[in-house]
Amino acid sequence: MDEKNHDTGLSRRNFLKTAGAAGLAAGLMPAGVSAQSAAPQAGTMPRRKLGKTGVEVPVLGLGGMFDTVNNQLLLKQAHAWGVTYWDTAEGYGGGLSEEGMGRYFSRNPGARKDIFLVSKFSHKGSGQDNTARLEAGLKRLQTDYLDLFFVHAISSIDDMTPFKDWAKAMKAAGKMKYFGFSTHTNMEDCLLGAAKLDWIDAAMITYNYRLMHTPKMREAMDSCAKAGIGLVAMKTQGGGPVKTDSEAELKLAGRFLEKGFTDKQARLKAVWEEPLIASICSQMPSLTILSANVACARDRASLAREDVDVFTKLAHATKDNYCAGCGAICQGAVDGLVPVNDVMRCLMYYRDYGDRDLAREVFASLPEETRARLLDVDYSTAERACPQGLAIAQLMREASSLLA
Ligand code: SF4
């Protein structure tokens, strides 16, 4: 899921510009690198093809990691504004995410066919039968099928192996149309591995201005494109877990406000510059965030080349603010005793999303013995190996204090 856009949403100036469809172009130059985002009809949601599925999905999708039972108006507005890629999961919102989407489909006959519905559950599971888990989700969603099912949060392509025959059977039974995975750990290796398989249709990955220019990510994306694997981006704001709102970021916010839009919107645009990303799955639990992101998605202008460069420089200058999800490095350095980047992700939920309940819930889902040993592990080798230069030991102490 994308991080929440916490700030203001649309300024009046930007809203008026967006309503006028061409206004932002006055402050921007076409970068010439975003063919698929070019020239959507004014006021409509652009769509891109999701790899070999051939399905055209909106460039902005609704991340549903919240209680949608009590947010029916938000679902209605997302639907009306063309945000028709909906992402949920077995555990989101304590189960209330799938349930709320199901309620919407039940109360709005005909809506289901408009929505590209995605759900997922973890490969770690709870010893339950996968088919039973899928069917329970379909029941909560009040539908017979998913458009796309993801095995949730894999950290190695080997995590997919047990699902190969099962996915084929579920497709044949009409319970899912397409199959793939989500990952925020070792993303590049997962994608490179997936590109060698012929039974992965799509993947959702952490992807933002901090990760998009590395050679390994480039190689992974190109490999997936060749294999026809459709790509969806999440966590596109590139926040956390150390801190946000550094001096450099405040300067950035000022730069984009001068152009009439927020830095949060600019971060989305940076991701849309990559044509291989079919959609951004964005966590949008409020109408303010939804309207800001929809306006940004509908806007025709690309970021100027110098704006993209600003992001690249910011990523470098604030490198030690961000955990890049390369968990194999730090976990290997602590002999697998602590899933460091899972703990970092909890810190990100706490600090960047501002969602303390979610942070504590995810932290509590880690094995008890793992949480208990958090302060007893020597992280010095991991710190030396961390390409982002993170103060891992200090961050683990903070996690223990904030999340336990
Ligand atoms: S702590 Fe460092 S090595 Fe570990 S996942 Fe994060 S960036 Fe990678």
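In this text, all values refer to a predicted model and were calculated from it rather than measured experimentally.

(A) View of the site of the ligand. Taken together, 14 residues sit near the ligand, with Cys323, Ala324, Cys326, Cys330 and Cys386 positioned nearest. Grouping the constituent residues of the shell around the ligand by class yields 10 nonpolar, 4 polar and no charged.

(B) A look at the packing of helix α13 (residues 340-353) against helix α14 (residues 356-364). Remark: α13 packs on α14, axes separated minimally by 8 Å, with the N-to-C direction vectors making an angle of 170°. With respect to α14, the axis of α13 lies roughly antiparallel. Residues Val343, Arg345, Cys346, Tyr349, Tyr350 and Tyr353 of α13 form the contact with α14, whose own contacting residues are Arg356, Leu358, Ala359, Arg360, Val362 and Phe363. The class makeup of the residues in the contact of α13 with α14 is 9 nonpolar, no polar and 3 charged.

(C) Layout of the pairing of strand β3 (residues 60-63). Side chains of β3 alternate between two faces, with Leu60 and Leu62 and Gly61 and Gly63 buried alike. Two elements, β3 and strand β4 (residues 85-87), share 2 bridges in a ladder whose sense is parallel. Counted as the bridge partner of glycine 63 is aspartate 87 from β4. As a crossover connection, the stretch from β3 through helix α2 (residues 72-80) into β4 is right-handed.

(D) Seen up close, the pattern of salt bridges. Summed over the entire model, instances satisfying the criterion amount to 17 salt bridges. Between arginine 351 and glutamate 398 there is a salt bridge whose closest N-O contact spans 2.3 Å. Taken together, the positions of arginine 351 in helix α13 and glutamate 398 in helix α17 (residues 392-403) put the pair 47 residues apart, joining distant regions of the chain. On the basis of relative accessibility, which here comes to 30%, the residue arginine 351 falls in the partly exposed class.

(E) Molecular detail of the packing of aromatic side chains. Throughout the structure, instances matching the rule amount to 14 aromatic pairs. Between tyrosine 209 and phenylalanine 311, the ring centres sit 4.9 Å apart and the planes meet at 45°, which makes this aromatic pair tilted. Here tyrosine 209 is found in the loop between β8 (202-206) and α7 (215-227), whereas its partner phenylalanine 311 is found in helix α11 (residues 305-317), with 102 residues between them in sequence. The pair tyrosine 209 / phenylalanine 311 is uniform in exposure class, with both members buried. One aromatic cluster is present, formed by Phe121, Phe149, Phe163, Trp166, Phe179 and Trp199 through successive ring pairs. Against the face of phenylalanine 105 rests arginine 112, its NZ or CZ located 5.7 Å from the ring centre.

How each quantity is defined
Residues numbered from 1 in each chain as written. Predicted model: local features only at pLDDT ≥ 70, side-chain atom pairs only at ≥ 80, totals over all residues. Heavy atoms only, no water. Near = heavy atom within 4 Å. Nonpolar A, V, L, I, M, F, W, Y, C, P; charged D, E, K, R; others polar. Axes fitted to C-alpha atoms, helices over the stretch in contact; angles between N-to-C directions. Helix = DSSP H or I, 4+ residues; strand = E, 2+ residues; numbered from the N terminus. Parallel < 35°, antiparallel > 145°, perpendicular 65-115°, else oblique. Contact = heavy atoms within 4.5 Å. Buried < 20%, exposed > 50% of the residue type's maximum accessible area, 1.4 Å probe, protein only. Pairing = 2+ DSSP bridges. Right-handed = clockwise from strand over helix to strand, strands pointing away. Salt bridge = Lys/Arg side-chain N within 4 Å of Asp/Glu carboxyl O. Phe/Tyr/Trp six-rings, centres within 6.5 Å; stacked < 30°, edge-to-face > 60°. Lys NZ or Arg CZ within 6 Å of the ring centre and 35° of its normal.

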